[in-house]
Amino acid sequence: MTGADVLLLALGAVAVGSGALVVGTKHLVRAGLYLVVCLGALAGIYLVLGAELVAWVQVLIYVGAVVVLLLFAVMLTRAPIGASDDLDRPGWPAALIGGGAGAGLAALLVDAYRWTAVTLPEAGTAERLGEQIFRGWVLPFEVLSVLLLAALVGAIVISRPDIGRPGAERDRAGRAGRTERGPSR
């Protein structure tokens, strides 16, 4: 077992452990921070495997943008950040479904490859990867960016109690009239 193998196992254990903490914690902000650790461990795995570009994209896109967006959405919507009674449900159905899905995927993988060695394709370059992304995958990236922007705008709208509430226009007009004419008594 080489040093790279040990490092992969350690980073994999950190990723799996923090991923379990993401879904197991009752604190929403802590779940977001555990998600940062999990995604950082995945970036470390990519670095060990020699995929530096994918590792930095992982850090910039997922750790830098998605987790920050998640935390901003939590803060803007005034969601409870402490322990929540809504999350106190029995965990055995989720464990049963997750274990069944994991066992099914493992059986599918073993059946597909039958423990044979798989030949790897030629290593990619940043030029070829960029060509694939900006030719064939540019539309999905743009759709994703619009989706994230819509989620952020939606979080801001939900966090403002005076937007979207019945009678909000009357309230705003009444406040504007009082400020122009002075306070009403």
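Rules of the game
Residues numbered from 1 in each chain as written. Predicted model: local features only at pLDDT ≥ 70, side-chain atom pairs only at ≥ 80, totals over all residues. Heavy atoms only, no water. Helix = DSSP H or I, 4+ residues; strand = E, 2+ residues; numbered from the N terminus. Buried < 20%, exposed > 50% of the residue type's maximum accessible area, 1.4 Å probe, protein only. Contact = heavy atoms within 4.5 Å. Areas by Shrake-Rupley, 256 points an atom, 1.4 Å probe, with all protein chains shown as cover. Patch = residues over 30% accessible without salt bridge, like charges linked within 9 Å, V, L, I, M, F, W, Y side chains within 5 Å. Salt bridge = Lys/Arg side-chain N within 4 Å of Asp/Glu carboxyl O. Expected span 1.5 Å × (residues − 1). Axes fitted to C-alpha atoms, helices over the stretch in contact; angles between N-to-C directions. Parallel < 35°, antiparallel > 145°, perpendicular 65-115°, else oblique. Left-handed = near helix turned anticlockwise from the far one by under 90°. Nonpolar A, V, L, I, M, F, W, Y, C, P; charged D, E, K, R; others polar. Arc of directions from axis to C-beta.

Caption draft 1: Structural view of the overall build of the protein chain. When helices and strands are counted, the protein chain shows seven helices and zero strands. Per-residue burial over the protein chain gives 14% buried out of 185 residues. Partitioning the contacts of the protein chain with sequence separation of at least 6, the portion at a separation of at least 24 is 59%. For the protein chain, the accessible area works out to roughly 14100 Å², and carbon and sulfur atoms hold 70% of it.

Caption draft 2: Quick peek at a nonpolar patch on the surface. Where nonpolar side chains cluster on the molecular surface, the patch consists of Leu 53, Val 54, Val 57, Leu 60, Ile 61, Tyr 62 and Leu 129 and spans about 590 Å² of accessible area. Using a relative accessible area of 41% as the deciding quantity, one classes Val 57 as partly exposed.

Caption draft 3: Broad picture of the pattern of salt bridges. In the structure shown here, the tally under the stated rule is two salt bridges. Of the charged contacts, one joins Asp 111 and Arg 114 as a salt bridge, the two residues approaching to 2.7 Å between their closest N and O atoms. Exposure remark for Asp 111: the relative accessible area of 43% places this residue in the partly exposed category. With a shortest N-O distance of 3.4 Å, Arg 135 and Glu 131 are connected by a salt bridge. Of this pair, Arg 135 and Glu 131 both sit in helix α5 (residues 126–136), four residues apart, which is roughly one turn of the helix.

Caption draft 4: Examining helix α4 (residues 92–113) more closely. The end-to-end C-alpha distance of α4 is 31 Å, a good match for the 32 Å that 22 residues give at a rise of 1.5 Å each. Downstream of α4 by a residue or two, Arg 114 has a phi angle that is positive, lying close to 50°.

Caption draft 5: Representation of the packing of helix α3 (residues 52–76) against helix α6 (residues 138–159) in the model. The N-to-C vectors of α3 and α6 enclose an angle of 15°; their axes lie 8 Å apart at closest approach. By the angle between their axes, α3 is roughly parallel relative to α6. Crossing geometry of α3 relative to α6 is assigned as left-handed. Taken together, the residues of α6 that come into contact with α3 (itself represented by Leu 69, Ala 73 and Leu 76) are Leu 148, Leu 152, Ala 155, Ile 156 and Ser 159.

Caption draft 6: Region of interest: the packing of α5 against α6. Look at α5 against α6: their axes get within 4 Å of each other, and the N-to-C directions meet at 70°. The angle between α5 and α6 falls in the class roughly perpendicular. Residues Ile 133, Phe 134 and Gly 136 of α5 form the contact with α6, whose own contacting residues are Val 138, Pro 140 and Phe 141. Taken together, the residues of the contact of α5 with α6 sort by class into five nonpolar, one polar and no charged.

Caption draft 7: Spotlight on helix α1 (residues 3–24). With 22 residues, α1 ought to run about 32 Å at 1.5 Å a step, and its terminal C-alpha atoms sit 31 Å apart, in line with that. Residues Leu 11, Ala 15 and Ser 18 constitute the buried set of α1. Along the axis of α1, the buried positions cluster into a sector of 75°, meaning they face one direction only. Opposite the packed face of α1, turned more than 90 degrees from it, sit the exposed residues Leu 9, Ala 13, Val 16, Val 23 and Gly 24.

Caption draft 8: How the structure looks around the side chain of Gln 58. Among the secondary structure elements, Gln 58 is positioned in helix α3. Among residues more than four places away in sequence, those in contact with Gln 58 are Leu 39, Leu 42, Ala 43, Tyr 46 and Val 63.

Caption draft 9: Main features of the environment of Leu 148. With respect to the helices and strands, the residue Leu 148 is situated in helix α6. Separated by 82 residues in sequence, Leu 148 and Val 66 have C-alpha atoms that sit 8.3 Å apart.

Caption draft 10: View of the environment of Leu 69. Along the polypeptide, Leu 69 turns up in helix α3. A sequence separation of 80 residues divides Leu 69 from Leu 149, and the C-alpha atoms of the two residues are 9.3 Å apart. Dropping the residues within four chain positions of it, Leu 69 is found in contact with Leu 148 and Leu 152.

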